[in-house]
Amino acid sequence: MKVLVPVKRVIDYNVKVRVKADGSGVDLANVKMSMNPFDEIAVEEAIRLKEAGKADEIVVVSIGVKQSQETLRTALAMGADRAILVVAAEDVHTDIEPLAVAKILAKVVEEEKPDIVLAGKQAIDNDMNATGQMLAALLGWSQGTFASELNIEGDNAVVTREVDGGLQTIKVSMPTIVTVDLRLNEPRYASLPNIMKAKKKPLDEKTAADYGVDTAPRLEIVKTEEPAARAAGIIVGSVDELVEKLKEAGAV
Amino acid sequence: MAVLLLAEVNNGELAMDATAKAVTAAKALGDVTVLAAGASAAAAGEAAAKIDGVSKVLVAEDPSLGHRLAESTAALIVSLADDYEHIVAPATTDAKNVMPRVAALLDVMVISDASGVVDANTFERPIYAGNAVQTVKSSDAKKVVTFRTSTFDAAGEGGSASVETVSAADNPGLSEWVEDKVAESDRPELTSAGVVVSGGRGVGSEEDFALIEKLADKLGAAVGASRAAVDSGYAPNDWQVGQTGKVVAPDLYIAVGISGAIQHLAGMKDSKIIVAINKDEEAPIFQVADFGLVADLFEAVPALTEKL
Ligand SMILES: Cc1cc2nc3c(=O)[nH]c(=O)nc-3n(C[C@H](O)[C@H](O)[C@H](O)COP(=O)(O)OP(=O)(O)OC[C@H]3O[C@@H](n4cnc5c(N)ncnc54)[C@H](O)[C@@H]3O)c2cc1C
Ligand SMILES: Nc1ncnc2c1ncn2[C@@H]1O[C@H](COP(=O)(O)O)[C@@H](O)[C@H]1O
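Every value quoted in this text rests on a predicted model; they were computed, and no experiment measured them.

Mind laying out the interface of chain A and chain B, listing which residues take part and the relevant values?
Taken together, the contact pairs 75 residues of chain A with 78 residues of chain B. Carbon and sulfur atoms make up 56% of the surface buried where chain A meets chain B, a total of about 6,500 Å² over both sides. One salt bridge connects aspartate 140 of chain B with arginine 218 of chain A, and the closest N-O pair in it is separated by 2.7 Å. Applying the counting rule to chain A against chain B returns 42 residue pairs in polar contact (both at pLDDT 80 or more).

Right, here's the structure in full:
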């Protein structure tokens, strides 16, 4: 079984985001970038499938600026076998929309013919939560989103999903797209020897044009603003004072 | 201009709060038709017909639409799409599963988790865990949008829309439902509750989460949790509040033993009044709290429960 894992380079989840003064977006120049946390979980799951003898090859793919190469190297160091970089932007501030990403991924899937695509549930920069579902639509494949458990059983994948009401388990026919949630696993760190080895693993470089996909955005970004700030609060000295304040505010 | 709104239907019942909030957002865009789909959906359709501002209800009943499987639900919506310029839904996990699939089948972008409607093509949405708000203008012929329910008031009841039935699209047969694990609770639902009490890693164990639950019950509140509390097994996953959990904006939010990571704040910082109880005075949660109490939760929470 072959596994394809799309990984996105995003601002590190620990970095305090700053909105640019001119309202054009979030400042990404010289900030720490990392692999989208959900994608680390997807890579980890692919490696576990391989370790369990269920998968034999893991291909990772990233679409964006050239620097996304670093993200792919991280995935290779974790244990992926091969990487594809699709250069589709020059400026780190250009975010390729999920629809265009899904169209490129659909072409990669046509070439690579994976049995399963493991994507993240959402990218923590645009918070879209869309690419996996869109890719499934374009391919006419089944989808198992927000997975907290995944079992491959013959020609099916049994996926437990984190949903508003609790957990839902579904069985989807393969090939399929699964998007992973935070509790699926805990991703490993790449060891130093593996980081060295990853430098020699194959990394193909392509462009969006190679796949004939138009990445022009459908959504024009009119402006990006800071959210409304909250008024400063107070520290109360005791439970009694807290109760009093809540009563005054009409909250209880 | 016409809007098709996918109602939130669970086991044949309408989730009134989520659906009515999405109706409020959708009314600004045009004439609202609600689609109630499910293995059984007639009762949900009748309920939706009473929401103010709904002009028509379509009911689609078919076994393949049970449990909201994405493939069959998306196929149904696409079969109806010709008549609508907007296709919208409340931003529930069900809709987030289905709507991007619908958008891709229509070759349009999806606008996820919109928190504001500027005009028929232009929407506001939080990005970067709510650290920025982006205004986006769609150039697509059809707009597929999910609305963040915490920012819209529920439309009232009193309408009497006509109800029609429509048939399901061909079932692509790609997936089947196996089981649901849904915890039954008498407490109010997290995303619609007026008061939410949430516990974090500081609570320390599943047993001690009872402290949080007791305070919640005293206040008639829903119970929430941080990701760390859920990951540690103190609380079930559907209690998680935050960037990747539920987004809530109650009148009163009480955060207990929660540090206030941005991913948690993303799910609660629009609450009207925020109370934080934490023994670490440096905890970032105090920066968003209206009332902060620096205290050991094992003393403060029982005392608070007693005094309220
Ligand atoms: C991609 C991604 C998505 C995420 N999504 C979410 C999300 O949706 N929701 C979410 O919550 N988190 C989310 N997180 C995790 C988030 O970053 C934090 O790790 C998490 O919110 C921390 O939970 P916590 O505050 O309970 O734990 P901690 O940060 O460990 O804080 C525990 C707090 O309890 C206090 N405490 C301890 N003992 C006591 C006591 N006896 N009395 C009083 N106070 C005490 C401590 O002072 C501390 O401040 C996400 C992270 C990532 C990377
Ligand atoms: N530019 C990209 N390159 C590679 N994978 C991506 C890209 N954008 C999104 N993805 C994948 O799609 C998932 C969901 O992203 P999104 O739909 O943008 O929230 C991510 O977790 C990745 O697995």
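Now that the structure has been shown, we can carry on.
Please give an account of the sheet that holds strand β9 (residues 122–127) of chain B that cites residues and values.
Taken together, the four strands give an open sheet; going across it, the order is β12(A)-β10(B)-β9(B)-β8(B), and neighbouring strands pair in antiparallel fashion. Unpaired on one side and paired on the other, β12 (219–225) of chain A together with β8 (116–119) of chain B mark the two borders of the sheet. Across the sheet, the mean angle from the axis of one strand to that of its neighbour is 30°, orientation sign disregarded. As paired strands, β8 of chain B and β9 of chain B are joined by three bridges and run antiparallel to one another. If you follow aspartate 119 of chain B over to β9 of chain B, its bridge partner there is threonine 122 of chain B.

Any details on the pattern of salt bridges? Residues and values, ideally.
Inspection of the entire model under this criterion finds 34 salt bridges over all chains. Taking the shortest distance from any N to any O, the salt bridge between arginine 82 of chain A and glutamate 57 of chain A comes out at 2.8 Å. You can see arginine 82 of chain A sitting in strand β5 (residues 82–87) and its partner glutamate 57 of chain A sitting in strand β4 (residues 57–64), a full 25 residues away along the chain. In this structure, the salt-bridge partner of arginine 218 of chain A is aspartate 107 of chain B, at a minimum N-O distance of 3.2 Å. On the criterion of chain membership, the pair formed by arginine 218 of chain A in the loop between β11 (203–207) and β12 and aspartate 107 of chain B in the loop between α4 (93–105) and β7 (110–114) is interchain, its members lying in two chains. Aspartate 107 of chain B sits in the partly exposed class, given a relative accessible area of 35%. Through salt bridges that share partners, Lys2, Glu57, Arg82 and Glu112 of chain A make up one connected network.

Help me get a handle on the site of ligand 2, residues and values and all.
All names here are of chain A. As a structural note, the neighbourhood of ligand 2 is formed by 19 residues, with Pro6, Asp39, Ile63, Ala123 and Thr131 the closest of them. Here asparagine 36 contributes a side-chain N or O atom positioned 3.0 Å from an oxygen atom of ligand 2. Within the side chain of threonine 131, a nitrogen or oxygen atom sits 2.7 Å from an oxygen atom of ligand 2. If ligand 2 stood free it would expose 480 Å²; the protein chains cover 99% of that surface. For the shell around ligand 2, the secondary structure elements donating two or more residues are β4, α3 (98–112) and β6 (116–120). A per-element tally of the shell around ligand 2 places β4 first, with three residues. The residue inventory of the shell around ligand 2, partitioned by class, reads ten nonpolar, seven polar and two charged.

An account of the sheet that holds strand β9 (residues 166–173) of chain A is needed here, citing residue identities and associated values.
The mixed open sheet is built from ten strands, whose spatial order is β11(A)-β5(A)-β4(A)-β1(A)-β6(A)-β10(A)-β7(A)-β8(A)-β9(A)-β13(B). Here the strands that pair on one side only, and so sit at the sheet edges, are β11 of chain A together with β13 (175–182) of chain B. On average, each strand axis in the sheet is tilted by 30° relative to the strand beside it, whichever way the strands run. As defined by bridge partners, β9 of chain A adjoins β13 of chain B across seven bridges and the pair is classed as antiparallel. Along β13 of chain B, the bridge assignment pairs isoleucine 170 of chain A with tryptophan 177 of chain B. Contacts between helix α1 (residues 37–51) of chain A and the sheet are confined to β1 (2–6), β4, β6, β7 (142–153) and β10 (176–180) of chain A, with β6 of chain A contributing the most and set at about 150° to the helix. Each of β6, β7 and β10 of chain A touches helix α4 (residues 131–139) of chain A; the most contacted strand, β10 of chain A, lies at about 175° to it.

Which residues make up the environment of alanine 235 of chain B, and what values do they have?
Examined against the element boundaries, alanine 235 of chain B turns out to sit in the loop between α6 (227–231) and β16 (252–256). Setting aside its immediate chain neighbours within four residues, alanine 235 of chain B contacts Phe209, Ala225, Ala229 and Val230 of chain B.

Explain the packing of α4 of chain A against α4 of chain B to me, using residue names and the numbers behind them.
Where α4 of chain A contacts α4 of chain B, the two axes come as close as 7 Å, and the packing angle between them is 45°. Between α4 of chain A and α4 of chain B, the interaxial angle falls into the category oblique. The handedness of the crossing between α4 of chain A and α4 of chain B comes out as right-handed. Only Lys96, Asn97, Pro100, Arg101, Ala103, Ala104 and Leu105 of chain B of α4 of chain B make contact with α4 of chain A, whose side of the interface consists of Gln133, Met134, Ala136, Ala137 and Leu138 of chain A. The residue makeup of the contact of α4 of chain A with α4 of chain B, split by class, is eight nonpolar, two polar and two charged.

So what's going on with the UniProt feature "domain: Electron transfer flavoprotein alpha/beta-subunit N-terminal" (unreviewed entry) in chain B? Residues and values would help.
Sites flagged by UniProt as "domain: Electron transfer flavoprotein alpha/beta-subunit N-terminal" (unreviewed entry) map to residues 3–181 of chain B. Across residues 3–181 of chain B, the secondary structure splits into 25% helix and 38% strand, with the terminal C-alpha atoms separated by 33 Å.

Explain the nonpolar core to me, using residue names and the numbers behind them.
Ranked by internal contacts, the top residues of the largest apolar core, which has 91 residues, are Met134 of chain A together with Leu35, Ile77, Met99 and Phe147 of chain B. If sequence neighbours within four positions are ignored, phenylalanine 147 of chain B has contacts with Ala22, Ala25, Ala26, Leu29, Val88, Ala89, Pro90, Ala91, Ala114, Val117, Phe123 and Phe152 of chain B. Membership of the second largest hydrophobic core comes to 43 residues, among which are Ala80, Ala147, Val172 and Val180 of chain A.

Which residues make up the site of ligand 1, and what values go with them?
The full set close to ligand 1 counts 30 residues, and Arg201, Ser226, Val241, Ser259 and Asn278 of chain B are the nearest of them. Looking at the residues close to ligand 1, they fall on chains A and B. Within the contact set of ligand 1, an oxygen atom lies 2.6 Å away from a side-chain nitrogen or oxygen of serine 226 of chain B. Contact between ligand 1 and threonine 244 of chain B: a nitrogen atom at 2.8 Å from a side-chain N or O atom of the residue.

I'd like to hear about the side chain of serine 62 of chain A, residue by residue, with values.
Residues and elements named next belong to chain A. For serine 62, the location among the structural elements is in strand β4. Of note is the side chain of serine 62, whose polar atom sits 2.7 Å from the backbone oxygen of valine 7. When near neighbours in sequence (up to four residues on either side) are disregarded, serine 62 contacts Val7, Lys8, Arg9, Ser68, Leu72, Ile84, Leu85 and Val86.

For unusual backbone geometry, give the residues involved together with the corresponding values.
In the segment running from methionine 174 of chain A into proline 175 of chain A, the intervening peptide bond is cis, with an omega of 0°. With respect to the helices and strands, the residue proline 175 of chain A is situated in the loop between β9 and β10. For aspartate 113 of chain B, which is not a glycine, the phi torsion comes out positive at approximately 60°. Within the secondary structure layout, aspartate 113 of chain B lies in strand β7. Aspartate 113 of chain B gets classed as buried once you look at its relative accessible area, which sits at 9%.

Can you break down the UniProt feature "domain: Electron transfer flavoprotein alpha/beta-subunit N-terminal" (unreviewed entry) in chain A residue by residue, with the values?
The positions UniProt marks with the feature "domain: Electron transfer flavoprotein alpha/beta-subunit N-terminal" (unreviewed entry) are residues 23–215 of chain A. Span residues 23–215 of chain A is 30% helix and 31% strand, its end C-alpha atoms 23 Å apart.

About the criteria used
- In every chain, residue numbers begin from 1 and rise along the written sequence.
- Numbering of ligands from 1 and lettering of chains from A proceed in the order in which they are written.
- The predicted nature of this model means local features are confined to residues of pLDDT at least 70 and side-chain atom pairs, given and counted, to a pLDDT of 80 or more, with totals for whole chains, interfaces and linings taken over all residues.
- Only heavy atoms go into the side-chain values, all of them from the structure, while hydrogens and water stay out.
- The contact criterion used is simple: two residues touch if any of their non-hydrogen atoms lie within 4.5 Å.
- Here the buried area means the combined drop in accessible surface, using a 1.4 Å probe, for two parts upon being joined, counting both sides.
- The salt bridge definition used is simple: a Lys or Arg side-chain nitrogen within 4 Å of an Asp or Glu carboxyl oxygen.
- N or O atoms closer than or at 3.5 Å make up a polar contact, with two conditions inside protein: a donor-capable atom paired with an acceptor-capable one, and, for residues adjacent in sequence, both atoms drawn from side chains.
- In this scheme, strands are said to pair when DSSP sees at least two bridges between them.
- Secondary structure elements follow DSSP: runs of H or I no shorter than four residues count as helices, runs of E no shorter than two count as strands, and numbering proceeds from the N terminus.
- Lines are fitted to the C-alpha atoms to define the axes, a helix being fitted only along its stretch in contact, and any angle between axes, read from their N-to-C directions, falls within 0 to 180 degrees.
- Whether a residue is buried, partly exposed or exposed follows from its accessible area with a 1.4 Å probe, protein chains only, as a fraction of its type maximum: under 20%, in between, or over 50%, in that order.
- Residues are classed as near a molecule or strand on a simple rule: at least one heavy atom within 4 Å of it.
- What sets the accessible areas is the Shrake-Rupley method with a 1.4 Å probe; for residues, cover comes only from the shown protein chains.
- Any residue that is not Ala, Val, Leu, Ile, Met, Phe, Trp, Tyr, Cys, Pro, Asp, Glu, Lys or Arg is counted as polar, Gly included; the first ten are nonpolar and the last four charged.
- Any angle between 65 and 115 degrees counts as roughly perpendicular, while under 35 counts as roughly parallel, over 145 as roughly antiparallel, and the rest as oblique.
- Each crossing gets its handedness from the near helix: less than a right angle anticlockwise from the far helix is left-handed, clockwise is right-handed.
- UniProt positions are given in the numbering used here, feature names are shortened, and annotations may be inferred rather than shown by experiment.
- To form a nonpolar core, buried Ala, Val, Leu, Ile, Met, Phe, Trp, Tyr and Cys residues must be joined to one another through side-chain atoms within 4.5 Å.

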